[in-house]
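Listed below, chain by chain, are the residues.
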Amino acid sequence: MAVDLVSTGFMMVCMALVQLMTPGLAFFYGGLVKDTSVLTMMMQSFVSMGVASIVWFLVGFSLCFGESVYFIGNPWTYMGFHNLNVQEALPNQSIPGLLFAGYQGMFAVITPALMTGAFADRFRFKPYIIFLAVWLVLVYAPWCHWVWGGGWLAQWGVWDFAGGIVVHVTAGFSSLIVVGKRQVAEDELEDHDRPHNVPFVALGTALLWFGWFGFNAGSALATGGTAVAAAVNSEIAASVALFLWLVIDWIKQGRPGLVGLCVGAIAGLATVTPAAGFIQPWGAFVLGCVAAVLCYGCCELRRKLGFDDALDVWGVHGMGGFIGTVLLGVLADPEECGSDPATAPNYCVNPGTVTASWEQLGKQLAAAGLAAVYSVVATWVILKAINFCIPLKPYHDGNLDLGEHGETAYHSPVRAYTAPKKHSPEKVGPSMV
């Protein structure tokens, strides 16, 4: 198909914006953990930019968007970006096929990195690299193909605008499978969940929010009204969730906090993602309210149940993506917007696509639920298999940055950094906590 130059320029900017989100995530997570594991956390995000991109180039894109072979895309269709060029668009698109592959690759980079917040301080670097590659092939690729690549869920009528199922549910529910509980010294019990660098958290939030415009608006894959709606809806949902989370924190803690404000914004963005290009601005306002209340409640529930999801990946991303996916079935435009775009009313955000109905609500709920269960089971199997060959948990005492990477984030004359003791690697199986 013919290539539209305006949409091509727009999508090149969006690709760069989504790429920026992974460094933003590194700062966001890095600020939330202890100062002795900040480099480990940031490195787990940055290394995904290398490993995930290589997997994506070799077989990932083809597994996701290649012609269907049973339950997955044919790995030979676009292996090594074969059959993609800068002069032709893929079917039903107006941007070069190579640009579409590059843009979608940015999603593959950040999705596994989202999980790293759940197993902070508990994952050695070598097995993490293996896990990252295997998880992309066995979890991300199937769901990407089923929902976005013309697979059976897309044919059934499930919709996900920018990654509620494909990104947030898969990563968020996979984070329920963590590598045991963190070992915390008695003198650190009060501080082990305290962010070590709040400005890092704020910087990461700013980069993520900025990049999210490319994430959501870019998922329209062209300039036009749908991209505009996705961008505006993202801003509304994030802003509403930010303020409500701040208010809830203020009431509960007795004072407002910057960290809670930042987490609220991310919850709003994650929740609106599956619906951003399908709903009216009032729907984004509703999702922002739901995100603040539901995600906050899930984070509190996680603490009461003792799940050691260190940075609340499940509560923010997993449940945010889940409820946004489900509520799309009731917040999408009405039935008259499902007709031919040429005859649909002018107010329709994305005519000819999803419309609100009880049937659609059921489909969205079934798909999100299946994605959650699949992700939990598949991640448990992957971690179990890797741990059988390579110990997952670090065997260094104290400073994870120094023990795993030989580097420290801060060189303070007050705190002496010494090489930690090494113990014999002990294989520790993944467990539900």
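Residues numbered from 1 in each chain as written. Predicted model: local features only at pLDDT ≥ 70, side-chain atom pairs only at ≥ 80, totals over all residues. Heavy atoms only, no water.

This paragraph deals with the packing of helix α4 (residues 125–147) against helix α12 (residues 358–389). Running from amino to carboxyl end, α4 crosses α12 at an angle of 155°, the nearest separation of the two axes being 10 Å. Overall, the two elements α4 and α12 adopt an arrangement that is roughly antiparallel. Along this stretch, α4 crosses α12, giving a crossing that reads as right-handed. Taken together, the residues of α12 that come into contact with α4 (itself represented by P127, I130, F131, V134, W135, L138, V139, P142, W143 and W146) are A367, L370, A371, Y374, S375, A378, T379, I382, L383 and I386. Across the contact of α4 with α12, the residue classes break down as 18 nonpolar, two polar and no charged. (Axes fitted to C-alpha atoms, helices over the stretch in contact; angles between N-to-C directions. Helix = DSSP H or I, 4+ residues; strand = E, 2+ residues; numbered from the N terminus. Parallel < 35°, antiparallel > 145°, perpendicular 65-115°, else oblique. Left-handed = near helix turned anticlockwise from the far one by under 90°. Contact = heavy atoms within 4.5 Å. Nonpolar A, V, L, I, M, F, W, Y, C, P; charged D, E, K, R; others polar.)

Residue placement: A171 occurs in helix α6 (residues 164–174). Between the C-alpha atom of A171 and that of V316, which follows or precedes it by 145 residues, the distance is 11 Å. When residues no more than four places from it in sequence are discounted, the contact partners of A171 are T111, L114, M115, W135 and V313.

On the surface, a cluster of nonpolar side chains totalling about 350 Å² of accessible area is made up of V373, V377, W380 and V381. With respect to the secondary-structure elements, V377 resides in helix α12. Overall, V377 belongs to the partly exposed group, its relative accessible area being 47%. (Patch = residues over 30% accessible without salt bridge, like charges linked within 9 Å, V, L, I, M, F, W, Y side chains within 5 Å. Areas by Shrake-Rupley, 256 points an atom, 1.4 Å probe, with all protein chains shown as cover. Salt bridge = Lys/Arg side-chain N within 4 Å of Asp/Glu carboxyl O. Buried < 20%, exposed > 50% of the residue type's maximum accessible area, 1.4 Å probe, protein only.)

Let us look at the packing of aromatic side chains. Tallied over the entire structure, the rule returns 29 aromatic pairs. Summarising the aromatic geometry, the rings of W56 and Y140 are spaced 6.5 Å apart at their centres and angled 65° between planes, so their arrangement reads as edge-to-face. You can see W56 sitting in helix α2 (residues 38–65) and its partner Y140 sitting in helix α4, a full 84 residues away along the chain. For the ring pair F61 and F81, a centre distance of 6.1 Å and an interplane angle of 85° mean the geometry is edge-to-face. Here F61 is found in helix α2, whereas its partner F81 is found in the loop between β2 (72–73) and α3 (97–114), with 20 residues between them in sequence. For the pair F61 and F81, a shared accessibility class is recorded, and that class is buried. An aromatic cluster is built from W56, F57, F61, F65, Y78, F81, F100 and Y140, whose rings are joined through pairwise contacts. (Phe/Tyr/Trp six-rings, centres within 6.5 Å; stacked < 30°, edge-to-face > 60°.)

Once that is clear, we can look at the pattern of salt bridges. In total, this model carries five salt bridges according to the counting rule given. Across the pair E300 and R303 runs a salt bridge, and its minimum N-O distance is 3.2 Å. Of this pair, E300 and R303 both sit in helix α10 (residues 281–305), separated by three residues, roughly a single helical turn. Judged by its relative accessible area of 44%, R303 is partly exposed. Here D312 ties to R303 by a salt bridge, and the two come within 3.1 Å at their closest N and O atoms. On the accessibility criterion, D312 (9% relative accessible area) is buried. One salt-bridge network, in which partners are shared between bridges, spans K252, E300, R302, R303 and D312.

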